[in-house]
Each structure stands twice: as structure tokens, then as C-alpha cells.
Amino acid sequence: QVQFVESGGGLVQPGGSLRLSCVASGFTFSIYAMTWYRQGPGKERELVAGISRTGSNENYADSVKGRFTISRDNAKNTVYLQMNSLKPDDTAMYYCNARGPGGINYWGQGTQVIVSS
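Being a predicted model, the structure only gives us computed values, none of them experimental.

**Student:** Before we go on, may I ask you to explain the sheet that holds strand β1 (residues 3–7) in this structure?
**Tutor:** Sheet strands pair by backbone hydrogen bonding; their relative direction is either parallel or antiparallel. The sheet built from 4 strands is open, its strands ordered β1-β3-β8-β7 with antiparallel pairing. The two strands at the open ends of the sheet, each matched to only one other strand, are β1 and β7 (68–73). Going from strand to strand, the sheet's axes swing by 15° on average, the running direction of each strand aside. Bridge analysis of β7 against strand β8 (residues 78–83) gives 6 bridges, and the strand direction is antiparallel. In the sheet register, S71 faces β8, and the bridge partner there is Y80.

Right, here's the structure in full:
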């Protein structure tokens, strides 16, 4: 059974930092590319950051480049999103996604991030 445990979200002031974690189980984590998506209030879901199976390649939305860093630990079946210099526009539900062979996609349930003073 595929499961994700996402954590690290919460309320933070503008300029602050958070680190999101997504622990996966029920599939071979190391052969899946991992991606963080987010969906803000009244907005469509958008890609935030992605990382390849080995961690050798990363990609970011323009809106978060230089502020967010994605990483993974295949030994721990975990993907992380370090978020610095947070802005109110970063307020959203953040989801981890696993994309594997044959187009298989798995989604986490999300963790809420609120950036507000």
C-alpha cells in the first residue's frame, strides 16, 4: 500500500523558513522522480520543485528559484523541501508526488503552509 507522510508545514512570518518532509512507503522510492506541488487559495495546482531518481537533477518554478531547495534521501525514502525567504504568495497546500515507470503517479495528502504576519 502506497503511503506518504508529509510534515513540516505550519504558520510562519514573511521572511521565515520551513522545511517540508515527505516519507514514502509501499513502492521502490529510488526509481521514482519526486516533485513538490502546491495549490494556493483559488489557484490551480502548480509544480514547485522536482528532483530526479538519483538526486542529480533538480528543477524549480521561477517563483521559488533561489529560495527553495529540493533534496532526497533514498536510504530514508524521504524527499525534502527547504523553503527560505517565504512570502505570503507561498501560502498553499503542498503535496509530494512520485512519478515512476509507465507513468505511474502517486500523491500525498498535503501539508499546509501559511505565510502571514
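**Student:** What should I look at first to understand the nonpolar core in this one?
**Tutor:** Soluble, globular proteins show a tendency: their nonpolar side chains are buried together. Within the largest apolar cluster, 29 residues are counted, with the highest numbers of intra-cluster contacts made by W36, V79, L81, M83 and Y94. Counting residues per element, the ones that place at least two in this core are β3 (18–25), β4 (33–39), β5 (46–51), β7, β8, β9 (92–99) and β11 (111–115). In contact with M83, other than residues within four places in its own chain, are G16, S17, L18, L20, R67, F68, Y94 and V113.

**Student:** Is there a simple way to think about the side chain of T111 in this case?
**Tutor:** Inspection of the secondary structure puts T111 in strand β11. A polar side-chain atom of T111 sits 3.3 Å from the main-chain amide nitrogen of G9. Among all residues touching T111, those that are not within four sequence positions of it are E6, S7, G8, G9, L20, A92, M93 and Y94.

**Student:** Just checking my understanding: could you explain the pattern of salt bridges for this structure?
**Tutor:** In a structure, side chains of opposite charge can pair up when their charged atoms sit close to one another. One pass over the full model with this rule turns up 4 salt bridges. In this structure, E46 engages R38 in a salt bridge whose closest nitrogen and oxygen atoms are separated by 2.7 Å. R38 is the salt-bridge partner of D90, the closest N and O atoms lying 2.9 Å from each other. With a gap of 52 residues between them, D90 in the loop between β8 and β9 and R38 in strand β4 connect regions that are remote in the sequence. What makes R38 buried here is its relative accessible area of 5%. One network of salt bridges, in which partners are shared, links R38, E46, R67 and D90.

**Student:** How should I be thinking about the pairing of β7 in this particular structure?
**Tutor:** Remember that side chains alternate between the two faces of the sheet whenever the strand is regular. Side chains F68, I70 and R72 of β7 all project onto a buried face; the interleaved residues T69, S71 and D73 project onto a face where none is buried. Where β7 folds back onto β8 in an antiparallel hairpin, the turn is made up of 4 residues, including N77, whose phi is positive at roughly 50°.

Rules and cut-offs
- Residues numbered from 1 in each chain as written.
- Predicted model: local features only at pLDDT ≥ 70, side-chain atom pairs only at ≥ 80, totals over all residues.
- Heavy atoms only, no water.
- Pairing = 2+ DSSP bridges.
- Helix = DSSP H or I, 4+ residues; strand = E, 2+ residues; numbered from the N terminus.
- Axes fitted to C-alpha atoms, helices over the stretch in contact; angles between N-to-C directions.
- Core = buried A, V, L, I, M, F, W, Y, C linked by side-chain atoms within 4.5 Å.
- Buried < 20%, exposed > 50% of the residue type's maximum accessible area, 1.4 Å probe, protein only.
- Contact = heavy atoms within 4.5 Å.
- Polar contact = N/O pair within 3.5 Å; in protein donor to acceptor, adjacent residues only side chain to side chain.
- Salt bridge = Lys/Arg side-chain N within 4 Å of Asp/Glu carboxyl O.

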